[in-house]
Amino acid sequence: MPEIIKKIRPISDYLPSGSFPLIISGPCSAESEEQVLETARELAKLPQVVAFRCGLWKPRTRPGDFEGRGEEGMEWLKKAKLETGLPVAVEVALPQHIELCLKNDIDILWIGSRTVVNPFSVHEIAEVLKGVDIPVLVKNPVNPDLLLWIGALERLYQQGIRKLAAVHRGFSAYNSKPFRNLPIWEIPIELRRLLPGLPVLADPSHISGNRKMLPHVAQTAINLSFDGLMIESHIHPEKALTDRNQQVSPRELEILIGNLDLPKKGKEERTEDLGFRIEDLRSRIDELDEEILDLMASRMEIVRKIGAQKKELGMDTLQLERWRQVVEDRLKKGTSKGLSRHFLMKLLHAIHEESLRIQ
Ligand code: PEP
Ligand code: MN
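Just so we're clear, the structure is a prediction, and the values are computed from it rather than from any experiment. (Residues numbered from 1 in each chain as written. Chains lettered and ligands numbered in written order. Predicted model: local features only at pLDDT ≥ 70, side-chain atom pairs only at ≥ 80, totals over all residues. Heavy atoms only, no water.)

Caption draft 1: Geometry of the nonpolar core. With 69 residues, the main nonpolar core has F52, L164 and L191 as its most contacted residues. Considering every element that reaches this core, the biggest residue donor is helix α6 (residues 146-158), with seven residues. Counting 15 residues, the second-largest nonpolar core is a separate cluster that includes Y14, I24, V50 and V167. (Core = buried A, V, L, I, M, F, W, Y, C linked by side-chain atoms within 4.5 Å. Buried < 20%, exposed > 50% of the residue type's maximum accessible area, 1.4 Å probe, protein only. Helix = DSSP H or I, 4+ residues; strand = E, 2+ residues; numbered from the N terminus.)

See below:
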């Protein structure tokens, strides 16, 4: 297990505990003093919002798009913090961004997806942060590369950052519809499995890319027990200079939060009866998993034997016609047992890939 998990601080150490779920919200970009202050004032009224996020330097796909107000926005953020008491989070990509944030008492830094892809950039950022006690949120890299994400967290950890959290904002893909960025939830789940102490938030705004999908993605993150949500909010979303389609007004955010189906509070209050039932079901699952593993091992043993015969007969490893029949047959049988086509395809592909590797 990576060394990193040992000393990561829980998010409750540095963010005030609001009402569940924990939400970091604010505009994609600071655009004007008025926009920043009005948005912050409204968001501060929501008990779930525990920090105000705001981009000052915007990494844009094309030059000439609005690239953020930069240092000018610092004064607006200071005012927002003073007025609302909310800690303020800013995206940093370069050493000079960090210097300005530290000079201006920014409370939380985050590293954006386009920066996390580049180990040189992350290394440089980590060096500047050496010995600084500030929370750093690390978004996933734009490409679905779990180790690159972990690597960025490790680089910061090595420089002494202990208030670390990850933010899942989805992965860029040629065809990501209906999302802006594919969620591929398995990746952040695997991250949480590997680094159990690491707080992981979800960013439904950048996953969705539009207001319509936002509630659904936020609900999925809640169902998967993420530690919190980062959601973009703008006082007038329709006039936003960046990410216009995905930002919601503070009022819309309030409605979204109100509509979330939250897990029942107070686990300990649940009847022992239920606890026992879950225990029983889990041990049944353990038994079934064991059977599946035994069956899989037997299957691979036969695959190995077939491989040896194919070699003797001079046959190719990949027999497309046979594979076609297997897929067709297993899909038919599996779907009639209530298993989804999507799951069956993934399972069959995984088995086939391993079989080819063995042969
Ligand atoms: C943002 O949070 O506004 C942003 C630029 O996000 P990402 O790095 O996830 O694209
Ligand atoms: Mn944005």
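Caption draft 2: Fine view of the environment of S283. If you trace the backbone, S283 turns up in helix α11 (residues 272-313). Placed 45 residues apart in sequence, S283 and E238 show a C-alpha to C-alpha distance of 52 Å. Looking at S283, its side chain comes within polar contact range of the main-chain oxygen of D280, at 3.0 Å. (Polar contact = N/O pair within 3.5 Å; in protein donor to acceptor, adjacent residues only side chain to side chain.)

Caption draft 3: Geometry of the packing of aromatic side chains. Tallied over the full model, the rule gives one aromatic pair. Ring geometry for W185 and F226: centres 5.6 Å apart, planes at 75°, overall edge-to-face. Note that W185 is positioned in the loop between β6 (164-168) and α7 (186-194) and F226 in the loop between α9 (214-223) and β8 (228-232), a separation of 41 residues in sequence. Each of the two residues, W185 as well as F226, counts as buried. Seen from the ring of Y157, R162 lies directly overhead, with NZ or CZ sitting 3.7 Å from the centre. For the cation-ring pair, R192 lies above F226, with the distance from its terminal atom to the ring centre recorded as 4.7 Å. (Phe/Tyr/Trp six-rings, centres within 6.5 Å; stacked < 30°, edge-to-face > 60°. Lys NZ or Arg CZ within 6 Å of the ring centre and 35° of its normal.)

Caption draft 4: A look at the site of ligand 1. All residues adjacent to ligand 1 are C28, R53, K58, E91, W110, G112, S113, R114, K139, R169, H206 and E232. Interatomic distance of 3.1 Å between a side-chain N/O atom of E232 and an oxygen atom of ligand 1. Relative to its unbound accessible surface of 290 Å², ligand 1 loses 97% to contact with the protein. For the shell around ligand 1, a count of residues per class yields two nonpolar, three polar and seven charged. (Near = heavy atom within 4 Å. Areas by Shrake-Rupley, 256 points an atom, 1.4 Å probe, with all protein chains shown as cover. Nonpolar A, V, L, I, M, F, W, Y, C, P; charged D, E, K, R; others polar.)

Caption draft 5: Inspection of the coordination of the manganese ion (ligand 2) at higher detail. In this structure, C28 (SG), H206 (NE2), E232 (OE) and D243 (OD) serve as the protein donors to the manganese ion (ligand 2), at separations of 2.1 to 2.4 Å. Ordering the donors of the manganese ion (ligand 2) by residue number gives the pattern C-x177-H-x25-E-x10-D. Here C28, found in the loop between β1 (23-26) and α1 (33-44), pairs with E232, found in strand β8; they are 204 residues apart in sequence, far enough to count as distant. Of the residues examined, C28 reaches a relative accessible area of 2% and is grouped as buried. Residue classification places E232 among the buried positions, given a relative accessible area of 1%. (Donors = N, O, S within 2.8 Å, 3.2 Å for Na, K, Ca; no water.)

Caption draft 6: Broad picture of the packing of α6 against α7. The geometry of α6 relative to α7 is characterised by a closest axis approach of 10 Å and an angle of 45° between their N-to-C directions. What the angle tells us is that α6 and α7 run oblique. Crossing geometry of α6 relative to α7 is assigned as right-handed. Along the contact surface, α6 presents L146, W149, I150 and L153, while α7 presents I187, P188, E190, L191 and L194. In the contact of α6 with α7, the residues fall into eight nonpolar, no polar and one charged. (Axes fitted to C-alpha atoms, helices over the stretch in contact; angles between N-to-C directions. Parallel < 35°, antiparallel > 145°, perpendicular 65-115°, else oblique. Left-handed = near helix turned anticlockwise from the far one by under 90°. Contact = heavy atoms within 4.5 Å.)

Caption draft 7: Structural detail: the side chain of K139. Looking at the secondary structure, you find K139 in strand β5 (residues 136-139). Classification of K139 by relative accessible area gives buried; the value is 4%. Look past the residues within four positions of K139 in its chain and what remains in contact with it is R53, W110, I111, G112, S113, V116, W149, V167, R169, D203, H206 and M230.

Caption draft 8: Representation of the pairing of strand β2 (residues 49-53). The buried count for β2 comes to five of five residues, which makes it a mostly enclosed element. Sheet topology places β1 next to β2; three bridges connect them, and they run parallel. Bridge assignment links S25 to a residue of β2, and that residue is F52. Note that β2 and strand β3 (residues 88-91) share two bridges and pair parallel. Bridge pairing links R53 to A89 in β3. Between the parallel elements β2 and β3, the chain passes through helix α2 (residues 73-84) in a crossover that is right-handed. (Pairing = 2+ DSSP bridges. Right-handed = clockwise from strand over helix to strand, strands pointing away.)

What is shown is where atoms sit, not what they do.
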